[in-house]
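Below are the chains, spelled out letter by letter.
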Number of protein chains: 2
Amino acid sequence: MSYQPPIRDQLFLLRDVLELERYAALPGFADASLDVVEQILEEAGRFAAEVLAPLNRVGDRQGCRWSPDNSVATPDGFKAAYGQLVAGGWPALSADPAYGGQGLPAVVNMAFQEMSSAANMAFSMYPGLSHGAYAAIRAGGSPEQKDLYLPNMAAGRWTGTMNLTEPQCGTDLGLLRTRAVPQADGTYRISGQKIWISAGEHDLVENIVHLVLARIEGAPEGVRGISLFIVPKFIPDAAGAPGVRNSVKCLGLEEKMGIHGNATCVIGHEESTGWLLGEANQGLRLMFVMMNEARLGVGLQGVAQADAAYQAAARFAKERLQGRSLSGPQNPDGPADPIIVHPDVRRMLLDARAIVEGGRAFMFWTALHGDLAHASPDEAVRTKAADYMALLTPVVKGFLTDRGFKVCSDALQVHGGAGFTEGFPASQHLRDCRIALIYEGTNGVQALDLVGRKLPAQGGRAMGAFLAELDGFLAAEKANVELAPFVQGLAGARAQLQEATFWLMQHGLANPEDAGAASTDYLHLFGLTALAYMWALMARAAQGRVAAGDPDPLYANKLIVGRYFLERVLPDTGAHLAKLKTGAAPLMALPAEAF
Amino acid sequence: MSYQPPIRDQLFLLRDVLELERYAALPGFADASLDVVEQILEEAGRFAAEVLAPLNRVGDRQGCRWSPDNSVATPDGFKAAYGQLVAGGWPALSADPAYGGQGLPAVVNMAFQEMSSAANMAFSMYPGLSHGAYAAIRAGGSPEQKDLYLPNMAAGRWTGTMNLTEPQCGTDLGLLRTRAVPQADGTYRISGQKIWISAGEHDLVENIVHLVLARIEGAPEGVRGISLFIVPKFIPDAAGAPGVRNSVKCLGLEEKMGIHGNATCVIGHEESTGWLLGEANQGLRLMFVMMNEARLGVGLQGVAQADAAYQAAARFAKERLQGRSLSGPQNPDGPADPIIVHPDVRRMLLDARAIVEGGRAFMFWTALHGDLAHASPDEAVRTKAADYMALLTPVVKGFLTDRGFKVCSDALQVHGGAGFTEGFPASQHLRDCRIALIYEGTNGVQALDLVGRKLPAQGGRAMGAFLAELDGFLAAEKANVELAPFVQGLAGARAQLQEATFWLMQHGLANPEDAGAASTDYLHLFGLTALAYMWALMARAAQGRVAAGDPDPLYANKLIVGRYFLERVLPDTGAHLAKLKTGAAPLMALPAEAF
């Protein structure tokens, strides 16, 4: 039941599809030669498979334990594994060298995070949440704040949290009640209750850095009066070491369907001491820096859990002997054939492969744009990359977690009755994965963000660039006979996406309900089109290898799975287009009291 | 968080859509006047909402407890509730009056079972499993066996089980190893291990009647050597009362993702005493009598859990204040609007309504055919009804559980973060519902049964009758302007279903892998078409009421939800058709070792 790190698939993306070596002149990339990256991934794979994966079930069974002294104990083995994580330097992989990081490209870190998250999602959230907090402090902190917090967070000695949600206030941050009262010494006294705070309290590190949304006394109501504060569990002393215990406390843990190994905390602030991060009443901007990091990470969780669930299902399907192939016995000396001979079992496994491999490419391609948005010397490249990050983040988050959950459910189904028992890993993957559709903004919120904000921003510049890139690819490959099915599939999806975009422009501006009614189907149509592009890029790269006589079956298999995607997954675009073009009327006609 | 029995929707189906009173001349129906049925449903609804629903969470939290003496304790309150079930005469509702039953139509019992299953799925499986065992004994038992077992089972004093699965043998019953050795007194000694036996041991009744598949010593290998045995937990004495304890034992319970309140047992037969049911080596025929009953029940579970999950989500969406409507505040005096103002929230709720109400109609319509197959004096009606039951059982089971699970997942999503916590009912509905896609034959097995056995049976007679019935409806209503969208939607789906059926006839016979590869998409295309027909029937009935000036908003709302189905659910048919017509090649190309 072991996890197999997808190193060869990751290297195929980095080397053959994204051609990482093209960027060797950029900061960070120079140290990321493919040989070095391969070594890093091998090491990361060992850590994920040998240290994290064996703890996954332990975490699920045991969960976290809260004590009345407000402490939280993580499951057995988590603390030692976290020690190995820090000793291996993994949290610092893509952190800024100015703060002790290794400065490698984010796309390389993404490969590590995928493996970590697939092997043990609950564990990987402890360091995972720190990335967003690190990014927010790096983006908005004073020099002193950066110097104090970033090296500790980059090294993983301290972890971070996002203290946003309150009982009456989730998506709608305007309803936030937590109050911050300015003190004479420049600090703030913060009071209020936060809920659903992942990794909000635990025993893995010496300090926890809470980033807390609160309203400064007298600030405007609504979202224009929200500020972001740094509230450390232990207030750093003059030497920067954890000092006095702050009055931020974990008041209890949520009982959840999954990710039992991660502490989901009720956090009470009773006049806890906080430091303003960035400007007063401008908290949402930095919060979104943190949130966007987190959303990409959640999209990755969808792919990672899907891959782990797929792997377990594929193993089961190759081992479970039951029935005979429809075309005659394939294992004539055995009592029955392995169930992988059945087309309908393969349907579920290939759906998984098409989404996992296409989704991984989409994640990596997006992460590379994140690198380019910061590192490219070319302003046009930086602008386009930043546009892409904004546009694609909700697609990555919403599409890959919706589809990832479906993969987890299919993987459970491949197991038959065994999948429903907790003796097999399928149930945990399904239960763990389910939260990814919800947190850091539900997938419905992602879809609204996409159609309401990201699409119209700068007159639709980002979407224009995306469609132009697809057109460039289609024009370049239109004579490539070998690639014809991929070109044709992508062209069809692109045309439908454009039609949907025009429909939104015509209707969504006049009637925002139409945009809302179309949003989820639009997001899925976008995600499928993005994956059609990814599969076309992968097919081109694989075909190049095959044509060059490379005997590695990886390349031929990529083409097979890609064809499956075109024939068996991509046809969903038509249904999404038909549904979204109905407008809001069918959804709004029923009176609320009739629900 | 209470369950609202859907009595008015059920009565609409029985009275206006199925027109139960048309059948008053048939046995059983004479006693089922609509007044009587309404009283029964009111009483059933009270029992489900007031007795069963409050125990649902208890069952989930506490689960069943196995003891080393091989006994199983059900969750607190289950035994008392079961006592009320028996006292109310509910198990006997549609049982044969010759054995103490009330002899009401199965379609009325279906309404009771829906409410029971929605309120508490784990509980309702204890009496639920008995229905199949009862049907098998009634179909194949000797007069003495019927007289001994059926009255006790009809009354609910004894429950039944299906002892089919073994560790090496689930779908593939040919691998069965449990052995039966004939004894001089005509009984058999049965030895072997059975797993995943729902309600296999518990403390609710004085006796449990196991129906056990086993191979008589010397019988042929494979499915031609399988017999069915009655193995009572306590061997009835001369007076028919539970006597000597048989050596059938519960060796342990499975730990599962859901339905914790139902005991899923490992059952050991160590020379337990059994009586042959029906003829030797003909066990599969009676097993399928039992299995087909169970499969309909499982389809119903999909609808029932979907409705319960929907109800919780709708309540949450009307109460949770968060954000504002895209078209301006709808609750200006409150801090925010209820989230039901959002089109994308309504999308999830209306998807649920379209599936639950359409699926309920499909269940009831199918159950009525089950009644007609037995009770009609007209041989042609009986034949068509029996054909329908055979053809539609896999569609009911596979389609309604796949879609029901999707509804449960969407209902959880409506809750946002609250849905992932065990403080709300959404997680339990999702976890409980998940088993319905697996047991009594996985949904993949249903799809294969549909395309491989049910469709070609008698030269496609059943499918021909179904398409002819749709054509009759379409012809009769083609001038009905009010019904035009429903007629058009049904005609489109029907044409796609026919195209798919032709494709299967052309390809599936020549290459069975093509049929296997098409099976799940075909089953879904069939299910969607059946629901399009149900919605057309409901729309016609509702329109009649509206035209007659009936002010009950139920009818106008049916038309709204029906239109939603047409515009927002039915477009999936095109994707299913496109996928199934690709044939098996995209699924079989990847070598098994590459998975």
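Residues numbered from 1 in each chain as written. Chains lettered and ligands numbered in written order. Predicted model: local features only at pLDDT ≥ 70, side-chain atom pairs only at ≥ 80, totals over all residues. Heavy atoms only, no water.

A short note on the pattern of salt bridges
For clarity, the cut-off: The salt bridge criterion pairs a side-chain nitrogen of Lys or Arg with a carboxyl oxygen of Asp or Glu, the two atoms within 4 Å. A run of H or I in DSSP becomes a helix once it reaches four residues, and a run of E becomes a strand once it reaches two; helices and strands are each numbered from the N terminus. Summary of the burial criterion: residues with accessible area below 20% of their type's maximum are buried, those above 50% are exposed, and those between are partly exposed, where the area comes from a 1.4 Å probe applied to protein chains only.
Within this structure, the stated rule accounts for 62 salt bridges over all chains. B:Arg360 is paired through a salt bridge with B:Glu114; the nearest N and O atoms lie 2.9 Å apart. Remark: B:Glu114 occurs in helix 5 (residues 106–119) and B:Arg360 occurs in helix 9 (residues 343–375); sequence separation between them is 246 residues. The class of B:Arg360 is buried, set by a relative accessible area of 3%. The exposure class assigned to B:Glu114 is buried, which follows from its relative accessible area of 0%. The network of salt bridges with shared partners includes A:Asp9, A:Arg353, A:Glu357 and A:Lys558.

Some points on the state of the cysteines
Filter applied, for reference: When the sulfur atoms of two cysteines come within 2.5 Å, that pair is taken as a disulfide.
Summed over the entire model, instances satisfying the criterion amount to 0 disulfides over all chains. Looking at A:Cys64, it has no disulfide partner, and the nearest cysteine sulfur is the one in A:Cys265, 7.8 Å off. Under the relative-accessibility criterion, A:Cys64 is labelled buried at 15%. Cysteine B:Cys433 is unpaired, with the sulfur of B:Cys408 as its nearest cysteine sulfur at 3.9 Å. Residue B:Cys433 is classed as buried on the basis of its relative accessible area, which comes to 0%.

Considerations on unusual backbone geometry
All names here are of chain A. A positive phi angle, close to 55 degrees, is found at Glu 271, a residue other than glycine. Tracing the sequence through the fold places Glu 271 in strand 11 (residues 264–277). You can call Glu 271 partly exposed: its relative accessible area is 48%.

Remarks on helix 1 (residues 7–17) of chain A
Residues and elements named next belong to chain A. Quick reminder of the rule: Whether two residues are in contact is decided by their heavy atoms, any of which lying within 4.5 Å being enough.
Among the 11 residues in helix 1, 9 count as buried, and that is most of the element. Buried within helix 1 are the following residues: Ile 7, Asp 9, Gln 10, Leu 11, Phe 12, Leu 13, Leu 14, Asp 16 and Val 17. Residues of helix 1 that are buried make contact with helix 2 (34–52), helix 5 (106–119), helix 9 (343–375), helix 16 (512–547) and helix 17 (553–569). Looking at the residues trailing helix 1, positive phi occurs at Glu 19, about 50 degrees.

Describing the packing of aromatic side chains
Residue and element names in this part refer to chain B. In plain terms, the rule: The rule is short: rings of Phe, Tyr and Trp, with Trp giving its six-membered ring, pair when the centres are within 6.5 Å, and they are stacked under 30 degrees, edge-to-face over 60, tilted in between.
Taken as a whole, this structure holds 34 aromatic pairs over all chains when the rule is applied. Arranged with centres 5.7 Å apart and planes meeting at 50 degrees, the rings of Tyr 23 and Phe 29 form a pair that is tilted. Accessibility classification places Tyr 23 together with Phe 29 in one group, the buried group. Residues Phe 316 and Phe 424 carry aromatic rings whose centres are separated by 5.8 Å and whose planes lie at 85 degrees to one another, so their mutual orientation is edge-to-face.

Some details on the side chain of B:Thr529
Residues and elements named next belong to chain B. Among the structural elements, Thr 529 can be located in helix 16 (residues 512–547). Owing to a relative accessible area of 0%, Thr 529 belongs among the buried residues under this scheme. Among residues more than four places away in sequence, those in contact with Thr 529 are Leu 470, Leu 490, Ala 493, Arg 494 and Leu 497.

Examining the interface of chain B and chain A
As a reminder of what qualifies: Accessible surface is computed with a 1.4 Å probe, and the buried area is the amount of it that two parts give up when combined, taken over both parts together. Contacts described as polar in this section are N or O atom pairs within 3.5 Å, which, within protein, must combine one atom able to donate a hydrogen with one able to accept it, while residues neighboring in sequence count only if both atoms come from side chains. Ten residue types, Ala, Val, Leu, Ile, Met, Phe, Trp, Tyr, Cys and Pro, are classed as nonpolar, four, Asp, Glu, Lys and Arg, as charged, and the remainder, Gly among them, as polar.
Each partner contributes to the interface: chain B provides 90 residues, whereas chain A provides 91 residues. Carbon and sulfur atoms make up 60% of the surface buried where chain B meets chain A, a total of about 7600 Å² over both sides. In terms of surface lost to chain A, no three residues of chain B exceed B:Phe420, B:Arg568 and B:Phe595, which account for 12% of the buried area on that side. Where chain B touches chain A, the interface holds 6 salt bridges. Taking the shortest distance from any N to any O, the salt bridge between A:Asp572 and B:Lys579 comes out at 2.8 Å. Our enumeration of links across chain B and chain A arrives at 50 residue pairs in polar contact (both at pLDDT 80 or more). It is helix 16 of chain B that contributes the most residues to the side of chain B that touches chain A, 8 residues altogether. When the residues that make up the side of chain B that touches chain A are grouped by side-chain class, the tally is 46 nonpolar, 23 polar and 21 charged.

Describing the nonpolar core
Definition in use: In these notes, a set of buried Ala, Val, Leu, Ile, Met, Phe, Trp, Tyr and Cys residues joined through side-chain atoms within 4.5 Å is what counts as a nonpolar core.
If you look at the biggest cluster of nonpolar residues, it comprises 425 residues, and the most contacted ones within it are A:Tyr522 and B:Tyr522. Those residues in contact with A:Tyr522, other than ones at most four positions away along the chain, are A:Leu450, A:Val451, A:Leu455, A:Met463, A:Leu497, A:Ala500, A:Thr501, A:Leu504 and A:Leu580.

A word on the pairing of strand 11 (residues 264–277) of chain B
Residue and element names in this part refer to chain B. Under the convention used in this document: DSSP bridges decide pairing: two strands pair if at least two such bridges lie between them.
Within strand 11, 10 of the 14 residues are buried, which leaves it mostly tucked inside the rest of the structure. Looking at chain direction, strand 5 (residues 188–198) and strand 11 are connected through 8 bridges and run antiparallel. Counted as the bridge partner of Ser 198 is Thr 264 from strand 11. Where strand 7 (residues 227–232) and strand 11 come together, 3 bridges link them in antiparallel fashion. Bridge pairing in strand 11 places Leu 228 opposite Leu 277. Pairing of strand 10 (residues 248–253) with strand 11, which is carried by 5 bridges, proceeds in the antiparallel orientation. From the neighbouring strand, Leu 253 faces strand 11, where its bridge partner is Cys 265.

Some thoughts on a negative patch on the surface
All names here are of chain A. For clarity, the threshold we go by: Exposure above 30% relative accessible area and no salt bridge define the residues that can form patches, which grow by joining like charges within 9 Å and nonpolar side chains of Val, Leu, Ile, Met, Phe, Trp and Tyr within 5 Å. The method behind every accessible area is Shrake-Rupley, applied with a 1.4 Å probe, and residues are considered shielded solely by the protein chains displayed. When charges are tallied, Lys and Arg are placed among the positive residues and Asp and Glu among the negative ones, while His and the ends of the chain are skipped. Working definition for charges: the position is that of NZ of Lys, CZ of Arg, CG of Asp or CD of Glu.
A surface patch of negative charge is lined by Glu 21, Asp 35, Glu 38 and Glu 42. For Glu 38, the location among the structural elements is in helix 2. Exposure remark for Glu 38: the relative accessible area of 35% places this residue in the partly exposed category.

Digging into the confidence of the model for chain A
Low-pLDDT stretches of the model should not have their predicted coordinates read in fine detail. We apply this condition: As a per-residue quantity, pLDDT reports the predictor's confidence and falls between 0 and 100.
Looking at chain A, pLDDT values average 97 and 100% of them are 70 or higher. What the predictor reports for the complex is a pTM of 0.98 with an ipTM of 0.98.

Here we look at the side chain of B:Arg431
In this fold, B:Arg431 is placed in helix 12 (residues 426–434). Owing to a relative accessible area of 4%, B:Arg431 belongs among the buried residues under this scheme. A distance of 2.8 Å separates a polar atom in the side chain of B:Arg431 from a polar atom in the side chain of B:Asp60. For B:Arg431, the residues in contact, after removing those within four places along its chain, are A:Met257, A:Phe420, A:Arg431, B:Asp60, B:Met257, B:Gly258, B:His260 and B:Glu422.

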